[in-house]
Amino acid sequence: QVQLVESGGGLVQPGGSLTLSCAASGSIFSVLVMGWYRQAPGKQRELVASITSGGTTNYADSVKGRFTISRDNAKNTMYLQMNSLKPEDTAVYYCNIVPVPRGGYWGQGTHVTVSS
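It should be emphasised that the depicted structure is a prediction, and the values quoted were computed from it without experimental measurement.

A.B. asks: Let's hear about the pattern of salt bridges: which residues, and what values?
C.D. replies: Where charged atoms of side chains with opposite charge meet at close range, the side chains can pair. For the structure shown, the criterion picks out 4 salt bridges. Across the pair D89 and R38 runs a salt bridge whose closest N-O atoms are separated by 2.9 Å. Here R38 lies in strand 4 (residues 33-39) and D89 lies in the loop between strand 8 (77-82) and strand 9 (91-97), a separation of 51 residues in the sequence. Take D89: its relative accessible area is 0%, and that puts it in the buried class. Here R66 and D89 are joined by a salt bridge, their closest N and O atoms 2.7 Å apart. Separated by 23 residues along the polypeptide, R66 in the loop between strand 6 (57-59) and strand 7 (67-72) and D89 in the loop between strand 8 and strand 9 bring together distant segments of the chain. One exposure class covers both R66 and D89, and it is buried. One network of salt bridges, in which partners are shared, links R38, E46, R66 and D89.

In structure tokens, the structure reads:
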């Protein structure tokens, strides 16, 4: 059974921090690469960070130096530590495998709003 449950979003001021969590099913979490995606209002969904089973990470240029992706394999949980948040980070954040096949499953996402 596919399970992707995102949590931890909320309202934060510019410059603030949030940590998102993703609870994934064991079968999903066992894949090589997982990542965090986001979809801002009026924009396409984009990949912002990824992590391999071995811990190798990659980030979109827009979040480099500010976001940190991590995973706890024993807990089937992935995290996104978000620092120095900017208004342009406002989006619904999703976790998933990388890449997502056509017709792939998406969870409900968690909303992040960065505003003063």
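Now that the structure has been shown, the text picks up again.
A.B. asks: Could you give an account of the environment of W36, with specific residues and numbers?
C.D. replies: Counting through the fold element by element, W36 comes out in strand 4. Residue classification places W36 among the buried positions, given a relative accessible area of 0%. Between the C-alpha atoms of W36 and L80, which are 44 residues apart in sequence, the distance is 7.5 Å.

A.B. asks: Residue-level account of the side chain of R66, with values.
C.D. replies: Among the residues examined, R66 registers a relative accessible area of 9% and is labelled buried. Apart from the residues within four sequence positions on either side, R66 is in contact with Q81, M82, N83, S84, L85, K86 and D89.

A.B. asks: Could you give an account of the pairing of strand 4, naming the residues involved and the relevant values?
C.D. replies: As a general feature of sheets, a regular strand has side chains that alternate between the two faces. Within strand 4, 6 of the 7 residues are buried, which leaves it mostly tucked inside the rest of the structure. For strand 4 and strand 5 (residues 46-52), the ladder comprises 6 bridges, and the chain directions are antiparallel. Within strand 5, the residue paired with Y37 across the bridge is L47. Hairpin connection, strand 4 to strand 5: the antiparallel pair is bridged by 6 residues, and G42 has positive phi, about 75°.

A.B. asks: Please set out the side chain of T110 residue by residue, giving values where relevant.
C.D. replies: Within the secondary structure, T110 sits in strand 10 (residues 110-114). Relative accessible area serves as the criterion here: at 9%, T110 is assigned to the buried category. Within the structure, T110 has its side chain in polar contact with the backbone nitrogen of G9 (distance 3.0 Å). Not counting chain neighbours up to four residues away, the residues in contact with T110 comprise E6, S7, G8, G9, L20, A91, V92 and Y93.

Analysis parameters
- Along each chain, the written sequence defines residue order, and numbers are assigned to residues from 1.
- Totals for whole chains, interfaces and linings use all residues, but because this is a predicted model, local features are given only for residues with pLDDT of at least 70 and pairs of side-chain atoms are given and counted only at 80 or more.
- Processing note: side-chain calculations cover all non-hydrogen atoms of the structure and skip hydrogens and water entirely.
- Any carboxyl oxygen of Asp or Glu within 4 Å of a side-chain nitrogen of Lys or Arg constitutes a salt bridge here.
- The numbering of helices and of strands both runs from the N terminus, where a helix is a DSSP run of H or I of at least 4 residues and a strand a run of E of at least 2.
- Burial classification: accessible surface area is computed with a 1.4 Å probe over protein chains only, and a residue below 20% of its type maximum counts as buried, one above 50% as exposed, and the rest as partly exposed.
- Any two residues whose heavy atoms approach within 4.5 Å are treated as being in contact.
- If DSSP finds at least two bridges between two strands, the strands pair.
- Here a polar contact means two N or O atoms within 3.5 Å. Within protein one must be a hydrogen donor candidate and the other an acceptor candidate, and residues neighboring in sequence count only if both atoms are side-chain atoms.

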